[in-house]
Amino acid sequence: MIMKRNALLAFLMTFMSIGVNAQNLQLHYDFGRPVYSDEEANRQNVTATFEKFSADDLGSWYYFVDLDVDKDGVMSAYSEVSREFNFAKASESSAFAAHVEFDGGMGRGGSYQSAALIGGAWNGHNADFSTTYSVQAMYKQFFKQSNGVDAYPSLQLTGVWSTTFADKAFTFCGFIDFWRGEGANHHGKLVILTEPQFWWNVSEKVSFGTEVEISDNFIYNTYNDKTFFINPTLAVKFNL
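Residues numbered from 1 in each chain as written. Predicted model: local features only at pLDDT ≥ 70, side-chain atom pairs only at ≥ 80, totals over all residues. Heavy atoms only, no water.

Q: Tell me about the overall build of the protein chain, and please be specific about residues and values.
A: Broken down by element type, the protein chain carries two helices and 14 strands. What you see for the protein chain is a C-alpha radius of gyration of 18 Å, in line with the 18 Å of a compact globule of 240 residues. Taken over the C-alpha atoms alone, the protein chain extends approximately 50 × 40 × 25 Å along its principal axes. Relative to its 240 residues, the protein chain shows a buried fraction of 44%. Looking at the protein chain as shown, the accessible area adds up to about 11700 Å², and 65% of this sits on carbon and sulfur atoms. (Helix = DSSP H or I, 4+ residues; strand = E, 2+ residues; numbered from the N terminus. Rg over C-alpha atoms; globule rule 2.2 N^0.38 Å. Buried < 20%, exposed > 50% of the residue type's maximum accessible area, 1.4 Å probe, protein only. Areas by Shrake-Rupley, 256 points an atom, 1.4 Å probe, with all protein chains shown as cover.)

Quick look at the structure:
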(Lines give C-alpha, C1' and ligand atoms only; values in the text may rest on other atoms or scores of the structure.)
Protein backbone atom coordinates (compact mmCIF):
# COMPACT_ATOMS: atom_id res chain seq x y z
CA MET A 1 0.00 0.00 0.00
CA ILE A 2 1.26 3.46 -0.89
CA MET A 3 0.29 6.44 1.23
CA LYS A 4 0.51 9.92 -0.23
CA ARG A 5 1.06 13.19 1.53
CA ASN A 6 3.30 15.05 -0.85
CA ALA A 7 4.00 18.30 -2.67
CA LEU A 8 0.39 19.36 -3.06
CA LEU A 9 -0.01 19.52 0.69
CA ALA A 10 3.40 21.01 1.43
CA PHE A 11 3.11 23.70 -1.21
CA LEU A 12 -0.49 24.73 -0.69
CA MET A 13 -0.49 24.80 3.09
CA THR A 14 1.46 28.04 2.75
CA PHE A 15 -1.56 29.65 1.00
CA MET A 16 -4.15 28.83 3.63
CA SER A 17 -5.23 32.45 4.11
CA ILE A 18 -6.52 32.74 0.53
CA GLY A 19 -8.98 30.76 -1.54
CA VAL A 20 -6.93 28.07 -3.23
CA ASN A 21 -8.07 24.75 -4.67
CA ALA A 22 -5.90 22.14 -6.34
CA GLN A 23 -6.08 18.47 -7.13
CA ASN A 24 -4.13 15.80 -8.98
CA LEU A 25 -4.24 12.18 -10.06
CA GLN A 26 -1.17 9.95 -9.78
CA LEU A 27 -0.61 6.49 -11.29
CA HIS A 28 2.26 4.44 -9.84
CA TYR A 29 3.64 1.15 -11.13
CA ASP A 30 5.05 -0.58 -8.06
CA PHE A 31 8.23 -2.74 -8.10
CA GLY A 32 7.83 -4.05 -4.56
CA ARG A 33 6.52 -7.49 -5.55
CA PRO A 34 9.41 -8.40 -7.91
CA VAL A 35 11.98 -6.95 -5.46
CA TYR A 36 10.58 -8.86 -2.46
CA SER A 37 8.96 -11.83 -4.17
CA ASP A 38 8.54 -13.73 -0.89
CA GLU A 39 7.81 -11.08 1.75
CA GLU A 40 5.58 -9.00 -0.55
CA ALA A 41 4.12 -11.71 -2.76
CA ASN A 42 0.67 -10.12 -2.50
CA ARG A 43 1.71 -6.49 -2.97
CA GLN A 44 -0.21 -4.41 -5.51
CA ASN A 45 1.01 -3.87 -9.07
CA VAL A 46 -0.43 -0.36 -9.46
CA THR A 47 -1.59 2.39 -7.11
CA ALA A 48 -3.90 5.18 -8.26
CA THR A 49 -3.98 8.24 -5.99
CA PHE A 50 -6.35 11.17 -6.06
CA GLU A 51 -5.55 14.10 -3.78
CA LYS A 52 -7.21 17.46 -3.25
CA PHE A 53 -6.45 20.61 -1.28
CA SER A 54 -8.78 23.54 -0.63
CA ALA A 55 -8.24 26.65 1.48
CA ASP A 56 -10.65 29.10 3.09
CA ASP A 57 -10.57 32.01 5.54
CA LEU A 58 -10.15 29.71 8.56
CA GLY A 59 -7.56 27.30 7.22
CA SER A 60 -7.59 24.35 4.84
CA TRP A 61 -8.93 20.92 3.96
CA TYR A 62 -6.76 18.17 2.52
CA TYR A 63 -7.50 14.57 1.59
CA PHE A 64 -6.24 11.76 -0.58
CA VAL A 65 -7.52 8.34 -1.62
CA ASP A 66 -5.22 5.45 -2.60
CA LEU A 67 -6.56 2.57 -4.67
CA ASP A 68 -4.21 -0.42 -4.81
CA VAL A 69 -4.79 -2.50 -7.94
CA ASP A 70 -3.54 -5.87 -9.20
CA LYS A 71 -4.58 -8.10 -12.11
CA ASP A 72 -7.79 -9.11 -10.30
CA GLY A 73 -8.92 -5.52 -9.67
CA VAL A 74 -8.91 -3.22 -6.66
CA MET A 75 -7.14 -4.79 -3.67
CA SER A 76 -7.67 -2.02 -1.14
CA ALA A 77 -8.64 1.59 -0.60
CA TYR A 78 -7.02 3.88 1.94
CA SER A 79 -7.77 7.54 2.71
CA GLU A 80 -6.61 10.36 4.95
CA VAL A 81 -8.57 13.58 5.49
CA SER A 82 -7.30 16.53 7.52
CA ARG A 83 -8.42 19.98 8.55
CA GLU A 84 -6.17 22.82 9.68
CA PHE A 85 -7.16 26.01 11.50
CA ASN A 86 -4.78 28.96 11.28
CA PHE A 87 -4.06 30.63 14.60
CA ALA A 88 -0.69 32.41 14.59
CA LYS A 89 2.02 33.69 12.27
CA ALA A 90 5.61 33.12 13.32
CA SER A 91 6.85 35.41 10.53
CA GLU A 92 5.95 36.45 7.00
CA SER A 93 7.22 33.08 5.78
CA SER A 94 5.87 30.70 8.46
CA ALA A 95 2.72 30.15 10.49
CA PHE A 96 1.21 27.84 13.09
CA ALA A 97 -2.04 25.90 12.71
CA ALA A 98 -4.15 23.40 14.63
CA HIS A 99 -4.32 20.05 12.83
CA VAL A 100 -7.13 17.43 12.99
CA GLU A 101 -6.99 14.23 10.90
CA PHE A 102 -8.71 10.89 10.33
CA ASP A 103 -7.04 7.89 8.62
CA GLY A 104 -8.67 4.65 7.53
CA GLY A 105 -9.48 2.22 4.75
CA MET A 106 -10.30 -1.32 3.83
CA GLY A 107 -9.00 -4.20 1.73
CA ARG A 108 -9.98 -7.68 0.64
CA GLY A 109 -8.93 -9.18 3.96
CA GLY A 110 -10.70 -6.59 6.13
CA SER A 111 -10.27 -2.99 7.20
CA TYR A 112 -7.13 -1.08 8.12
CA GLN A 113 -6.99 0.05 11.72
CA SER A 114 -8.52 3.54 11.73
CA ALA A 115 -6.95 6.40 13.66
CA ALA A 116 -7.73 9.99 14.64
CA LEU A 117 -5.02 12.60 15.14
CA ILE A 118 -4.97 16.04 16.74
CA GLY A 119 -2.09 18.42 17.26
CA GLY A 120 -0.24 21.38 15.81
CA ALA A 121 1.52 22.22 12.55
CA TRP A 122 4.26 24.67 11.64
CA ASN A 123 4.06 25.57 7.94
CA GLY A 124 6.57 27.66 6.01
CA HIS A 125 8.13 28.62 2.69
CA ASN A 126 11.02 30.54 1.16
CA ALA A 127 10.66 33.95 -0.51
CA ASP A 128 9.39 32.72 -3.89
CA PHE A 129 7.49 29.65 -2.58
CA SER A 130 9.72 27.29 -4.56
CA THR A 131 10.54 25.49 -1.29
CA THR A 132 7.85 24.74 1.28
CA TYR A 133 7.58 22.60 4.39
CA SER A 134 5.27 21.49 7.18
CA VAL A 135 6.14 19.94 10.55
CA GLN A 136 3.29 18.35 12.53
CA ALA A 137 3.31 16.95 16.08
CA MET A 138 0.14 15.04 16.98
CA TYR A 139 -1.56 12.76 19.46
CA LYS A 140 -2.81 9.67 17.58
CA GLN A 141 -5.60 7.34 18.74
CA PHE A 142 -5.99 3.97 17.04
CA PHE A 143 -9.49 2.49 17.25
CA LYS A 144 -10.55 -1.06 18.07
CA GLN A 145 -11.23 -3.30 15.08
CA SER A 146 -13.98 -5.88 14.66
CA ASN A 147 -11.33 -8.61 14.19
CA GLY A 148 -10.21 -8.15 17.79
CA VAL A 149 -7.30 -5.73 17.35
CA ASP A 150 -7.36 -3.45 20.38
CA ALA A 151 -7.45 0.33 20.48
CA TYR A 152 -4.33 2.07 21.75
CA PRO A 153 -2.88 5.59 22.07
CA SER A 154 0.10 6.83 20.10
CA LEU A 155 2.09 9.91 19.10
CA GLN A 156 3.07 10.92 15.56
CA LEU A 157 5.64 13.33 14.17
CA THR A 158 5.28 14.23 10.49
CA GLY A 159 7.39 16.26 8.10
CA VAL A 160 6.27 17.29 4.60
CA TRP A 161 8.45 19.10 2.06
CA SER A 162 8.60 20.28 -1.54
CA THR A 163 11.25 22.08 -3.56
CA THR A 164 11.00 22.98 -7.26
CA PHE A 165 14.12 23.97 -9.17
CA ALA A 166 15.77 24.31 -12.60
CA ASP A 167 13.22 26.85 -13.83
CA LYS A 168 10.35 24.69 -12.47
CA ALA A 169 11.47 21.67 -14.49
CA PHE A 170 11.95 19.38 -11.49
CA THR A 171 10.30 18.86 -8.10
CA PHE A 172 11.61 16.92 -5.11
CA CYS A 173 8.94 16.37 -2.48
CA GLY A 174 7.54 13.90 0.00
CA PHE A 175 6.82 13.19 3.64
CA ILE A 176 8.21 11.30 6.61
CA ASP A 177 6.18 9.89 9.51
CA PHE A 178 7.30 8.55 12.88
CA TRP A 179 4.72 7.01 15.19
CA ARG A 180 4.32 4.50 17.97
CA GLY A 181 2.87 1.25 16.70
CA GLU A 182 1.86 -1.78 18.73
CA GLY A 183 2.48 -5.45 18.04
CA ALA A 184 0.26 -8.44 18.75
CA ASN A 185 1.97 -8.75 22.14
CA HIS A 186 0.98 -5.14 22.91
CA HIS A 187 4.63 -4.09 22.98
CA GLY A 188 5.30 -0.70 21.46
CA LYS A 189 7.46 -0.26 18.35
CA LEU A 190 8.68 2.73 16.36
CA VAL A 191 7.13 2.82 12.88
CA ILE A 192 8.93 4.86 10.22
CA LEU A 193 7.47 5.63 6.81
CA THR A 194 8.84 8.04 4.21
CA GLU A 195 7.92 8.46 0.55
CA PRO A 196 10.22 10.87 -1.29
CA GLN A 197 9.14 11.67 -4.83
CA PHE A 198 11.10 13.13 -7.76
CA TRP A 199 9.15 14.63 -10.70
CA TRP A 200 10.10 15.90 -14.13
CA ASN A 201 7.48 18.55 -14.93
CA VAL A 202 7.02 18.33 -18.67
CA SER A 203 4.18 20.88 -18.49
CA GLU A 204 1.93 22.53 -15.91
CA LYS A 205 -0.46 19.60 -16.24
CA VAL A 206 1.75 16.51 -16.62
CA SER A 207 4.76 15.18 -14.69
CA PHE A 208 6.74 11.93 -14.89
CA GLY A 209 8.73 10.61 -11.99
CA THR A 210 9.29 8.11 -9.24
CA GLU A 211 8.43 7.49 -5.63
CA VAL A 212 10.46 5.40 -3.19
CA GLU A 213 8.56 4.03 -0.20
CA ILE A 214 11.05 3.41 2.63
CA SER A 215 9.67 1.91 5.81
CA ASP A 216 10.49 0.06 9.01
CA ASN A 217 7.87 -1.83 11.05
CA PHE A 218 5.18 -0.69 8.59
CA ILE A 219 4.64 -3.56 6.14
CA TYR A 220 2.80 -6.62 7.44
CA ASN A 221 5.22 -9.50 6.79
CA THR A 222 4.55 -13.04 8.01
CA TYR A 223 7.19 -14.71 5.80
CA ASN A 224 10.21 -13.87 8.00
CA ASP A 225 11.45 -11.30 10.52
CA LYS A 226 12.30 -8.61 7.97
CA THR A 227 10.87 -5.18 8.92
CA PHE A 228 12.79 -2.75 6.66
CA PHE A 229 11.65 -2.37 3.04
CA ILE A 230 12.43 -0.11 0.06
CA ASN A 231 9.71 -0.11 -2.61
CA PRO A 232 10.27 2.06 -5.72
CA THR A 233 7.73 3.08 -8.35
CA LEU A 234 7.53 4.66 -11.79
CA ALA A 235 4.77 7.24 -11.99
CA VAL A 236 2.84 9.83 -13.96
CA LYS A 237 0.94 12.73 -12.42
CA PHE A 238 -1.88 14.78 -13.91
CA ASN A 239 -2.73 18.16 -12.35
CA LEU A 240 -6.47 18.55 -12.77
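That shown, we press on.
Q: So, the side chain of Q113: which residues are in play, and what are the values?
A: As for its placement among the helices and strands, Q113 is situated in the loop between β6 (110–111) and β7 (115–125). Separated by 3.0 Å, the side chain of Q113 and the backbone oxygen of F143 make a polar contact. A polar side-chain atom of Q113 sits 3.0 Å from the main-chain carbonyl oxygen of D150. When sequence neighbours within four positions are dropped, the list of residues in contact with Q113 reads F142, F143, Q145, V149, D150, A151 and Y152. (Polar contact = N/O pair within 3.5 Å; in protein donor to acceptor, adjacent residues only side chain to side chain. Contact = heavy atoms within 4.5 Å.)

Q: Describe the pattern of salt bridges, naming the residues involved and giving the relevant values.
A: Considering all chains together, one arrives at seven salt bridges under this definition. One salt bridge in this structure joins K144 and D150, with 3.3 Å as the shortest N-O distance. Through salt bridges that share partners, D30, E40, R43 and E213 make up one connected network. (Salt bridge = Lys/Arg side-chain N within 4 Å of Asp/Glu carboxyl O.)

Q: Requested: an account of the nonpolar core, with residues and values cited.
A: Core analysis: the biggest nonpolar cluster contains eight residues, these being A115, F142, Y152, V160, F175, W179, V191 and L193. For A115, the residues in contact, after removing those within four places along its chain, are E101, F102, D103, K140, Q141, F142 and F143. Core analysis: the next-biggest nonpolar cluster, separate from the first, contains five residues, F53, Y62, F64 and Y78 among them. (Core = buried A, V, L, I, M, F, W, Y, C linked by side-chain atoms within 4.5 Å.)

Q: So what's going on with the environment of N42? Residues and values would help.
A: Here N42 lies in the loop between α2 (32–35) and β2 (46–55). Between the C-alpha atoms of N42 and M75, which are 33 residues apart in sequence, the distance is 9.5 Å. Ignoring anything within four residues of it in the chain, the contact list for N42 reads R33 and M75.

Q: Mind laying out the pairing of β2, listing which residues take part and the relevant values?
A: With seven of its ten residues buried, β2 lies for the most part within the structure. In this structure, strand β1 (residues 21–30) lies alongside β2, joined through nine bridges in antiparallel fashion. What sits directly across from H28, in β2, is T47. As paired elements, β2 and strand β3 (residues 59–70) share ten bridges and run antiparallel to each other. Paired with T49 across the strands is D66, a residue of β3. (Pairing = 2+ DSSP bridges.)

Q: Could you give an account of the packing of aromatic side chains, with specific residues and numbers?
A: Applying the stated rule across the entire model yields 16 aromatic pairs. Their ring planes at 20° and their centres at 4.6 Å tell us that F142 and Y152 sit as a pair that is stacked. Within this pair, whereas F142 is found in strand β8 (residues 131–142), its partner Y152 is found in strand β9 (residues 152–165), the two being separated by ten residues in sequence. Residue classification places F142 among the buried residues on the basis of a relative accessible area of 7%. Under the relative-accessibility criterion, Y152 is labelled buried at 7%. (Phe/Tyr/Trp six-rings, centres within 6.5 Å; stacked < 30°, edge-to-face > 60°.)

Q: Describe the side chain of D70, naming the residues involved and giving the relevant values.
A: One can find D70 in strand β3. If we ignore the near neighbours within four places in the chain, the residues touching D70 are R33, N45, M75 and R108.

Q: Run through the pairing of strand β10 (residues 170–182), naming residues and quoting values.
A: Where β9 lies against β10, ten bridges are found, and the strand directions are antiparallel. The residue of β10 that forms the bridge with W161 is G174. Where β9 folds back onto β10 in an antiparallel hairpin, the turn is made up of four residues, including A166, whose phi is positive at roughly 55°. Pairing geometry for β10 and strand β12 (residues 197–201), over four bridges, is antiparallel. Looking at β12, one finds that T171 is bridged to W199. As paired elements, β10 and strand β11 (residues 188–194) share seven bridges and run antiparallel to each other. Across the sheet, residue E182 finds its bridge partner in β11, namely G188.

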